[in-house]
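# Residue-level structural notes
Chain residues, written in single-letter form:
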Amino acid sequence: QVQLVESGGGLVQAGGSLRLSCAASGGTFSRYIMGWFRQAPEKSREYVGGISWSSSRYYADSVKGRFTISRDNAKNTVYLQMNSLNPQDTAVYYCAAKVGGTLWSPAAYNYWGQGTQVTVSS
């Protein structure tokens with residue numbers, strides 16, 4: 001059983017940056033594919049991207065070139081560096097974990113954090 005706790009959300013102006021962190025406990029972190037999702041008000045959840053144990057990465061087109069996912073297996077932590085933020089990035093951001101499956105698929109994530117709010121003002 002893996003527990004995930006996100007941090008680092010907040011309010012930022014358009015064009016600014018934030019880095020989200022997701023600390024994992026209770027499992028073998030290096031085994032997991034780690035993903036980031038977001039959900040804006042009245043919108044469906046969006047798969048932002050994921051990172052494998054070996055740091056292969058996938059990004060949604062909407063964030064490619066602006067967001068970077070990284071992981072530190074020694075610290076059991078995954079990060080989401082968000083640059084050039086715009087108001088459309090406003091959402092609750094969730095990290096998630098799965099064992100196996102494909103990196104580019106949002107399916108099969110079965111461990112979730114509680115989410116952290118990111119608000120981008122114009």
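Residues numbered from 1 in each chain as written. Predicted model: local features only at pLDDT ≥ 70, side-chain atom pairs only at ≥ 80, totals over all residues. Heavy atoms only, no water.

## Topic: unusual backbone geometry
Leaving glycine out, the prevailing phi sign among residues is negative, and the prevailing peptide bond configuration is trans. The test is simple: Numbering of helices and strands starts at the N terminus; helices are DSSP runs of H or I of at least 4 residues and strands are runs of E of at least 2. Burial classes follow relative accessibility: with a 1.4 Å probe on protein chains only, a residue under 20% of its type's maximum area counts as buried, one over 50% as exposed, and anything between as partly exposed.
The phi torsion at asparagine 76 lies on the positive side, around 55°, for a residue other than glycine. In this structure, asparagine 76 sits in the loop between strand 7 (67-72) and strand 8 (77-82). Even without being a glycine, serine 84 presents a positive backbone phi close to 50°. On the basis of relative accessible area, serine 84 is assigned to the partly exposed category, the value being 45%.

## As for the packing of aromatic side chains
Definition in use: Any Phe, Tyr or Trp ring, taking Trp's six-membered ring, that has another such ring centre within 6.5 Å forms a pair; planes under 30 degrees apart are called stacked, those over 60 apart edge-to-face, and the others tilted.
Taken as a whole and judged by the stated rule, the model has seven aromatic pairs. Measuring from ring centre to ring centre gives 4.7 Å for phenylalanine 37 and tryptophan 112, while their planes differ by 50°; the resulting arrangement is tilted. Taken together, the positions of phenylalanine 37 in strand 4 (residues 33-39) and tryptophan 112 in strand 10 (residues 111-112) put the pair 75 residues apart, joining distant regions of the chain. Phenylalanine 37 gets classed as buried once you look at its relative accessible area, which sits at 2%. Ring centres 5.6 Å apart and planes at 20° place the aromatic pair tyrosine 47 and tyrosine 58 in the stacked group. With tyrosine 47 in strand 5 (residues 46-51) and tyrosine 58 in strand 6 (residues 57-59), the pair connects residues that are 11 residues apart, well separated along the chain. Classification of tyrosine 47 as buried rests on a relative accessible area of 9%.

## Some thoughts on the environment of glycine 49
So the rule is basically this: Contact criterion: two residues are considered in contact whenever any of their non-hydrogen atoms come within 4.5 Å of each other.
As for its placement among the helices and strands, glycine 49 is situated in strand 5. Separated by 13 residues in the primary sequence, glycine 49 and tryptophan 36 have C-alpha atoms spaced 5.5 Å apart. With sequence-adjacent residues up to four places away left out, glycine 49 is seen in contact with Met34, Gly35, Trp36, Tyr58, Tyr59 and Ile69.

## Things to note about the sheet that holds strand 7
Applicable threshold: In short, DSSP must find at least two bridges between two strands for them to pair. In this analysis, axes come from line fits to C-alpha atoms, helices being fitted only over the stretch in contact, and the angle between any two N-to-C directions falls in the range 0 to 180 degrees.
On the basis of which strands lie adjacent, the open sheet formed by four strands has the order 1-3-8-7 and antiparallel pairing. In this open sheet, the two edge strands, each paired with only one partner strand, are strand 1 (3-7) and strand 7. Going from strand to strand, the sheet's axes swing by 15° on average, the running direction of each strand aside. Note: strand 1 against strand 3 (residues 18-25), five bridges, orientation antiparallel. Looking across to strand 3, one finds that valine 5 is bridged to alanine 23.

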